[in-house]
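Overview (structure and organization)
This is what each chain is made of:
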Amino acid sequence: MFSNNHTVIYHVVIAGASLGLGFYLGTRFAPARLSQTPSPKPESVQSQVQGPSEPDAEDDSDDDIADGDLGAVKARMMQQCKLVLVVRTDLKMTSGKIAAQCGHATLACYKALMRTNPGLVQHWERTGQAKIALKGSSEDELLELEAIAKSLNLCARSILDAGRTQIEAGSRTVLGIGPAPVELINQVTGHLRLL
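The paragraphs below set out a description of the structure included in this document.

Rules of the game
- Residues numbered from 1 in each chain as written.
- Predicted model: local features only at pLDDT ≥ 70, side-chain atom pairs only at ≥ 80, totals over all residues.
- Heavy atoms only, no water.
- Buried < 20%, exposed > 50% of the residue type's maximum accessible area, 1.4 Å probe, protein only.
- Helix = DSSP H or I, 4+ residues; strand = E, 2+ residues; numbered from the N terminus.
- Arc of directions from axis to C-beta.
- Contact = heavy atoms within 4.5 Å.
- Axes fitted to C-alpha atoms, helices over the stretch in contact; angles between N-to-C directions.
- Parallel < 35°, antiparallel > 145°, perpendicular 65-115°, else oblique.
- Nonpolar A, V, L, I, M, F, W, Y, C, P; charged D, E, K, R; others polar.

Within helix H6 (residues 182-189), burial applies to Leu 184, Ile 185, Val 188 and Thr 189. Down the axis, H6 shows its buried residues gathered within 120 degrees of arc, on one side only. The inward-facing, buried residues of H6 abut strand E1 (81-88), strand E2 (130-136), helix H5 (139-151) and strand E4 (172-181).

A cis amide bond links Gly 178 to the next residue, Pro 179, at an omega of 0 degrees. With respect to the helices and strands, Pro 179 occurs in strand E4. The backbone phi angle of Lys 92 is positive, close to 55 degrees, even though this residue is not glycine. Assignment of secondary structure puts Lys 92 in the loop between E1 and helix H3 (95-116). Of note, the phi angle at Gln 129 is positive, near 55 degrees, even though the residue is not glycine. With respect to the helices and strands, Gln 129 occurs in the loop between helix H4 (118-126) and E2. Taking the relative accessible area as the measure of exposure, Gln 129 reaches 34% and is therefore partly exposed.

Moving on, we get to the packing of H3 against H4. Where H3 meets H4, the closest approach of the two axes is 6 Å, and the angle between their N-to-C directions is 125 degrees. For the element pair H3 / H4, the angle class is oblique. Residue-level contacts link Tyr 110, Leu 113, Met 114 and Thr 116 of H3 to Pro 118, Leu 120, Val 121, Trp 124 and Glu 125 of H4. Here the residues of the contact of H3 with H4 sort into 7 nonpolar, 1 polar and 1 charged.

Next comes the structure, spelled out in structure tokens:
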């Protein structure tokens, strides 16, 4: 009925259509399935597990700006998402310290969104887990960006240094925003320069 070339093309088209449909259905219905999973440990248990024994654990509990509706942000199919990390340059942190602080901010955002919007996290993971480091000039700038991000229902987490190494205890070092659709995050940080 079909020649060999037509058969191959036919199978490629069917496979592509199946892949696209599977991706669409997976992104459309995955959040409902995930919401039925057991909830994570309460914060008090998590802090006991982490405990003070970790050598350079940072405190991100100074959440003086209330979150918006973190579950409200959605990404369209194949829409690019990113997580931005705004690093204070006025603190003159070493590159190793910056890397550690960015790791803390990434994990804080990830944990918050896994509790409130796991579908968005999965979408970000499927589209490459983009993470962008940007320059912030001061604590005031980080606080302003955090307030703007939270007003747009974006996840935003500030990291406060524990004061065990280079920086004074309680210093706000990095602000993580996202993950969320690129266009939405750019409304908050689009004017900032790359680190």
